[in-house]
Amino acid sequence: MSLPSLRLKANADRRLRAGHLWVYSNEVDVSATPLQGFQAGQQAVLEAANGKPLGIVALSPNNLICARLLSRDIKLALDKSLLVHRLNVALSLRERLFDQPCYRLVYGDSDLLPGLVVDRFHDILVVQLASATMEAHKDDVIAALIQVLKPSGILFKNDSAARDAEGLQRYVETVYGEVPDWVALEENGVKFEAPVREGQKTGWFYDHRMNRARLAPYVKGKRVLDLFSYIGGWGVQAGAFGASEVFCVDASGFALDGVERNAALNGISEKMTCIEGDVFEALRELKAAEERFDVIIADPPAFIKRKKDLKNGEAAYRRLNEQAMRMLSKDGILVSASCSMHLPEDDLHNILLTSARHLDRNLQLLERGGQGPDHPVHPAIAETRYIKSITCRLLPNS
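Computed from a predicted structure; not experimentally measured.

A.B. asks: Please set out the overall build of the protein chain residue by residue, giving values where relevant.
C.D. replies: For the protein chain, the count of helices and strands is twelve helices and 19 strands. If you line up the protein chain on its principal axes, its C-alpha atoms span 70 × 45 × 35 Å. The buried share among the 398 residues of the protein chain stands at 54%. A separation threshold of at least 6 residues defines the contact pool for the protein chain, and within that pool the share at least 24 residues apart is 63%. Within the protein chain, the 51 negative side-chain charges are centred at a point lying 6 Å from the centre of the 49 positive side-chain charges.

A.B. asks: Describe the pattern of salt bridges, and please don't skip the residues or the numbers.
C.D. replies: Taken as a whole, this structure holds 26 salt bridges when the rule is applied. One salt bridge in this structure joins Arg163 and Glu135, with 2.9 Å as the shortest N-O distance. Remark: Glu135 occurs in helix 3 (residues 132-136) and Arg163 occurs in helix 5 (residues 162-165); sequence separation between them is 28 residues. Side by side, Arg163 and Glu135 carry an identical accessibility label, which is buried. One salt bridge connects Asp331 with Arg393, and the closest N-O pair in it is separated by 2.7 Å. In this pair, Asp331 sits in strand 17 (residues 328-338) while Arg393 sits in strand 19 (residues 388-396), placing the two residues 62 residues apart along the sequence. Each of Glu345, Asp346, Arg368 and Arg385 takes part in salt bridges that share partners, so that together they form one network.

Conventions and cut-offs
- Residues numbered from 1 in each chain as written.
- Predicted model: local features only at pLDDT ≥ 70, side-chain atom pairs only at ≥ 80, totals over all residues.
- Heavy atoms only, no water.
- Helix = DSSP H or I, 4+ residues; strand = E, 2+ residues; numbered from the N terminus.
- Buried < 20%, exposed > 50% of the residue type's maximum accessible area, 1.4 Å probe, protein only.
- Contact = heavy atoms within 4.5 Å.
- Lys, Arg positive; Asp, Glu negative; His and termini not counted.
- Charge placed at Lys NZ, Arg CZ, Asp CG, Glu CD.
- Salt bridge = Lys/Arg side-chain N within 4 Å of Asp/Glu carboxyl O.

This is the structure we're talking about:
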């Protein structure tokens, strides 16, 4: 297969040679290779200014990130063979890490498959294609997944906003075998079912697995509040780890039905109380009712989706954590999490400190966590590191 060339300006190859995988549109020598000459989803040989090949890229010519490196070997274009190889490399890591085949199998750029996410639920695979190149090779993706994993069903959950920037339509479709509406998984020894069609993202969030495992010593015999609970990833595990009572708060009745479903799977329904509604309003009502909790988990959706949201987002994290602290018992534990890539961990740390001092309380930081190793961080791409989790202890100011 003969591929066109995409040529960089002088010195624009330095970042790529240092390990990065992205090409920005202002780095392209458009006099030699005009971006408008390419179609979204095409592949090209990336060249330095002197014409030396640097590898093969997937093209998104209308975007700021106009190309992503697929391979540094110009003989290895994206096809079924390369996909099978990359999937096997990704699989070898996950099989080393986890006893159960429940994990994120492919995490985009970090697994050298930009635009591809695959979550595994035993023999069911839920796939997200976020680039025009992956969409163009979806038949190869399906064939490679079948060859490597022999699944009973593959669901394409292609309904994310990332597709809009690539000019792709959104859709959800079973592309192989059969996929039920709710699929089984196991995490930290706790059983769940995830709504892969109607739920958020792929139906489950494997990224906080290790942070949820850390709950165990803190929740035994304790009263727990799980804010933005979704289907109970934190709250149901807290109950399974021995909490005496767990309150789950979420705006979605559908999500709370999932909490009840998953609590029943683990025989802890009697411990669980679901509160449907706005989390901030629920916190006000619980405080007015003079409720107190030993452990509170605050794991909200991303309050900062773009850099320009930073100021308002930080204010939202401050408001959430301060209100949560007001609900803690005298020797309470707060697990404060963020999935906002644009919020540095040190900023979350400072938000917690500021909130505690505003309430005239002392704060101890006990544990810090990030995303699990099935979401590996690419060392040259800060954007692949997004999960923060800080476990802290709130004490009286005396």
